[in-house]
Amino acid sequence: MAAPRLRPGMGRLIEMPAALGRLSRAYSKSHAFREVLQLPKMELTKLVCFIGRSNVGKSSLIKALFSLAPEVEVRVSKTPGHTKKMNFFKVGKYFTLVDMPGYGYRAPEDFVDMVETYLKERKNLLRTFLLVDSVAGIQKADNIAIEMCEEFALPYVMVLTKIDKSSTGHLLKQVLEIQKFVATKTQGCFPQLFPVSAVTYSGIHLLRCFIATITGNLKTN
Ligand code: GDP
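These remarks concern the structure in this document. (Residues numbered from 1 in each chain as written. Predicted model: local features only at pLDDT ≥ 70, side-chain atom pairs only at ≥ 80, totals over all residues. Heavy atoms only, no water.)

## A closer look at the site of the ligand
- Around the ligand there are 14 residues in total, and Asn55, Ser59, Ser60, Asp164 and Ala198 lie nearest to it.
- Here Ser59 contributes a side-chain N or O atom positioned 2.4 Å from an oxygen atom of the ligand.
- Between the ligand and the protein, one listed contact pairs an oxygen atom with a side-chain N or O atom of Ser60 at 2.5 Å.
- Within the complex, 66% of the 570 Å² of free accessible area of the ligand lies under protein.
- Class assignment of the residues belonging to the shell around the ligand gives a composition of three nonpolar, six polar and five charged. (Near = heavy atom within 4 Å. Polar contact = N/O pair within 3.5 Å; in protein donor to acceptor, adjacent residues only side chain to side chain. Areas by Shrake-Rupley, 256 points an atom, 1.4 Å probe, with all protein chains shown as cover. Nonpolar A, V, L, I, M, F, W, Y, C, P; charged D, E, K, R; others polar.)

As structure tokens, this is what we get:
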């Protein structure tokens, strides 16, 4: 796991290579930035959002989560222009799941312009789910998202994807390393990790219950 040493406290917590670093607020003048600010505020809607590197398994996980509750109508709305990379899944009358564009080596600009702007503006965002590939562990690109969550003091949770691909030993090692990272290097990250597989559905039910709990929709009878 590539976990850089962090300076204590909030602010710019994580050192990153220039190519991956969050770009300066000069990008705030871009089309994407303006379009994000024009998105409907959905102030009365409970929001959760999923972010992760491209190919981390975000689409597969969202599909797996929804397939466990086929009785709930999920409406997808797309937005125009640069924000088309964001998907909004309205889950019945319960909450809206915001699927953020995947970030990676070639997407730091998108990330700053859309994800950062959107998350900073949304006061009704209950939790951000940050997806990390359980085989690869926390990568340099993931630090973009971690840094943002820490800097904006967003409550967030790490979800470890594709756990079916690892041996039990490798998975345990990753879980322990990431738990240590969360405990020692983060302030806003929920301590419990959610290891999941969209192939075997392992962990999906627990994650679904957690989302139901934080959105106030867990049925106890
Ligand atoms: P996204 O770019 O983050 O939306 O990632 P996708 O959901 O499209 O998945 C990227 C690749 O990983 C695809 O080939 C998926 O079939 C595969 N994948 C996604 N989730 C899992 C998983 O839980 N287990 C395994 N073995 N493969 C997965």
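## Quick notes on unusual backbone geometry
- For Asn55, which is not glycine, the phi dihedral falls at a positive 75°.
- With relative accessibility at 69%, the residue Asn55 sits in the exposed group.
- One non-glycine residue, Tyr201, lies in positive phi territory at about 70°.
- Structurally, the position occupied by Tyr201 is in the loop between strand 7 (194-195) and helix 6 (204-214).
- Judged by relative accessible area, Tyr201 falls into the partly exposed class, the value being 36%. (Buried < 20%, exposed > 50% of the residue type's maximum accessible area, 1.4 Å probe, protein only. Helix = DSSP H or I, 4+ residues; strand = E, 2+ residues; numbered from the N terminus.)

## Topic: the pattern of salt bridges
- By the definition in use, this model includes three salt bridges.
- One salt bridge in this structure joins Arg53 and Asp142, with 3.5 Å as the shortest N-O distance. Here Asp142 lies in helix 4 (residues 142-151) and Arg53 lies in the loop between strand 1 (47-52) and helix 2 (58-67), a separation of 89 residues in the sequence. Each member of the pair, Arg53 as well as Asp142, is classed as buried. (Salt bridge = Lys/Arg side-chain N within 4 Å of Asp/Glu carboxyl O.)

## Focus on the pairing of strand 5 (residues 125-133)
- Most of strand 5 is tucked away, with eight of its nine residues classed as buried.
- Note: strand 1 against strand 5, six bridges, orientation parallel. Across the sheet, residue Leu47 finds its bridge partner in strand 5, namely Leu125.
- Where strand 5 meets strand 6 (residues 156-161), six bridges bridge the pair, whose relative direction is parallel. Directly across from Asp133, in strand 6, lies its bridge partner Thr161.
- In this fold, the crossover linking strand 5 to strand 6 by way of helix 4 has right-handed handedness. (Pairing = 2+ DSSP bridges. Right-handed = clockwise from strand over helix to strand, strands pointing away.)

## Description of the side chain of Thr215
- Mapped onto the fold, Thr215 is located in the segment after helix 6.
- Judged by its relative accessible area of 1%, Thr215 falls in the buried class.
- Among the polar contacts listed, one links the side chain of Thr215 to the backbone oxygen of Ala212, at a separation of 3.3 Å.

## What about the pairing of strand 1?
- Taken across its six residues, strand 1 has six buried, putting it largely inside the fold.
- Of the two faces of strand 1, the one holding Leu47, Cys49 and Ile51 and the one holding Val48, Phe50 and Gly52 are both buried throughout.
- Here four bridges tie strand 1 to strand 4 (residues 95-99), and the two strands are oriented parallel to one another. Considered in strand 4, the bridge of Phe50 is made with Asp99.

## Digging into the packing of helix 2 against helix 6
- Running from N to C, helix 2 and helix 6 cross one another at 80°; their axes reach a closest spacing of 10 Å. The angle between helix 2 and helix 6 places the two elements in the roughly perpendicular class. Judged by residue contacts, Leu61, Ala64 and Leu65 of helix 2 engage Ile204, Leu207, Arg208 and Ile211 from helix 6.
- Split into classes, the residues belonging to the contact of helix 2 with helix 6 amount to six nonpolar, no polar and one charged. (Axes fitted to C-alpha atoms, helices over the stretch in contact; angles between N-to-C directions. Parallel < 35°, antiparallel > 145°, perpendicular 65-115°, else oblique. Contact = heavy atoms within 4.5 Å.)

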